[in-house]
Amino acid sequence: MSRAPDDFDGITSAFLGGVSGGAKSRPVAQASLMPTLLIVGNVPTLAGIWIAQYADQHARIAGPVALIRLDGAASRGEVYRAQGRALPTDGVAWMERASIFARSWIVCTDCQSDPTAIALSGCSLVFLSGTDETALAAAKKTIEAVVQAGKIAGAAPCEIALAFVGSPETSAQAACNSLIAWAAERTLSVRLSLGAHSPRVDRVESSGPVPLAMLSSLDVAAAVEFIGIAKNGNPDRFSDRDRPMARPAVVSQQVHIEESQAPVDIVPKDVTPSIAAPLPTTSQQESSATSSGVVRDYFPEFTALAFNCPDAATVQLASDEFSALHLIQSNTGTNGLRIAAGWARANWKLLCAACPQLNSTHVRVIEHILLDDARDAALLHRTGVLLHARMDVAVMGTVVRRRVDLNSSETA
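Here goes a summary of the coordinates provided.

Parameters at a glance
Residues numbered from 1 in each chain as written. Predicted model: local features only at pLDDT ≥ 70, side-chain atom pairs only at ≥ 80, totals over all residues. Heavy atoms only, no water. Helix = DSSP H or I, 4+ residues; strand = E, 2+ residues; numbered from the N terminus. Contact = heavy atoms within 4.5 Å. Buried < 20%, exposed > 50% of the residue type's maximum accessible area, 1.4 Å probe, protein only. Phe/Tyr/Trp six-rings, centres within 6.5 Å; stacked < 30°, edge-to-face > 60°. Lys NZ or Arg CZ within 6 Å of the ring centre and 35° of its normal.

1. Some points on the side chain of Glu367
Part 1: Looking at the secondary structure, you find Glu367 in strand β13 (residues 365-371).
Part 2: Excluding residues within four positions of it along the chain, Glu367 makes contact with Glu225, Leu327, Leu337, Arg338, Ala341, Arg345, Val385 and Leu386.

Printed below as a string of structure tokens:
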């Protein structure tokens, strides 16, 4: 089911102010934007068999399930119980197709992943394990690490559903009770429950794995955030193929003000002032997308940094007075924005050493997309990214380009 109509109503409301007459309240089901994070512990025999069992078991109840396995360059995705739907073999196209009909998404990582990234992922957590003593000992170690990491980071007490495999339900329940008693004895701030169990290996129905190269360079935190955005919108915006920069055919009446109509208070309050400049040509627009002038001309409240992410040169880096790092991507394809965000989080201490104005004790990365056509924001609304548009505005008889903010940190 397409989500574009709801998103378009939301962007219209954010841009024009108030609530548009045709706008509808966003469904409650859309409140949870993040996928389920499946943490794989010690399981009998090959882990991949039991991961597939868990996904297929969930799909039998809830409908088609998109499973993404994070494994560096071997990261891949597949859909269970796709109900005969054909799926493309290109990673970006697979994401787009799966986001249309998949009822739920599961992201799979192993128990060696960064516990802080797991605790702060914002995902529902499921721990997959066997019921033998070795598996339970490993489960205790992982659960405690995640809980302690969340506590240090100031996160709320977490909930972890336990999924036991390779044993009957009685053994699964006994193992669950054992871990609950252990957590209570250690006074850990965690709520454990039995989420599922698979006593044996059954036949599964899968669309087959598809490589997801766009996840290969991302850590768990960045990958989960990427997938959370993709599953709730059109992932064409993550493609490396640059979309042509289009200017609006008609400037909105909310911001196009003629001198004869409004001699006083000519700059709308929703327009953030920037340095006025003559209307650039198409070639100038394309070159400015990768220049530091984007920060100077459209985000004068920020201070541009003198370097970029080596793997995303088109993403501009800047800092603000609150010691936060801002990543600004012009609308020339936003795969780089995801890469730059993952790179910034992974190298935060080095960035702070190079830029003392950043807060070394608290990682704060804020992402921006600067569009040439506000209509392109429809599929990006409510994805956690701050959206802006470059608009032609008539001021005192001169047409200049201004930045218009399309959402805020509260509505993003």
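Having put the structure on the table, let's press on.
2. Describing helix α7 (residues 220-230)
Part 1: In terms of residue burial, α7 counts as a mostly covered element, since nine of its 11 residues are buried.
Part 2: Those residues of α7 not exposed but buried are Val220, Ala222, Ala223, Val224, Phe226, Ile227, Gly228, Ile229 and Ala230.

3. What to know about the packing of aromatic side chains
Part 1: Applying the stated criterion across every chain yields a total of two aromatic pairs.
Part 2: Residues Trp94 and Trp105 carry aromatic rings whose centres are separated by 6.1 Å and whose planes lie at 75° to one another, so their mutual orientation is edge-to-face. Residue Trp94 is found in helix α3 (residues 91-101), and its partner Trp105 is found in strand β4 (residues 104-110); the two are separated by 11 residues along the sequence.
Part 3: A residue is classified by how much of its surface remains accessible, and Trp94, at 0% relative accessible area, is buried.
Part 4: Classification of Trp105 as buried rests on a relative accessible area of 4%.
Part 5: Ring centres of Phe299 and Phe302 lie 5.7 Å apart, and the angle between their planes is 10°; on these two criteria the pair is classed as stacked.
Part 6: Using a relative accessible area of 0% as the deciding quantity, one classes Phe299 as buried.
Part 7: The class of Phe302 is buried, set by a relative accessible area of 14%.
Part 8: For the cation-ring pair, Arg390 lies above Tyr298, with the distance from its terminal atom to the ring centre recorded as 5.3 Å.

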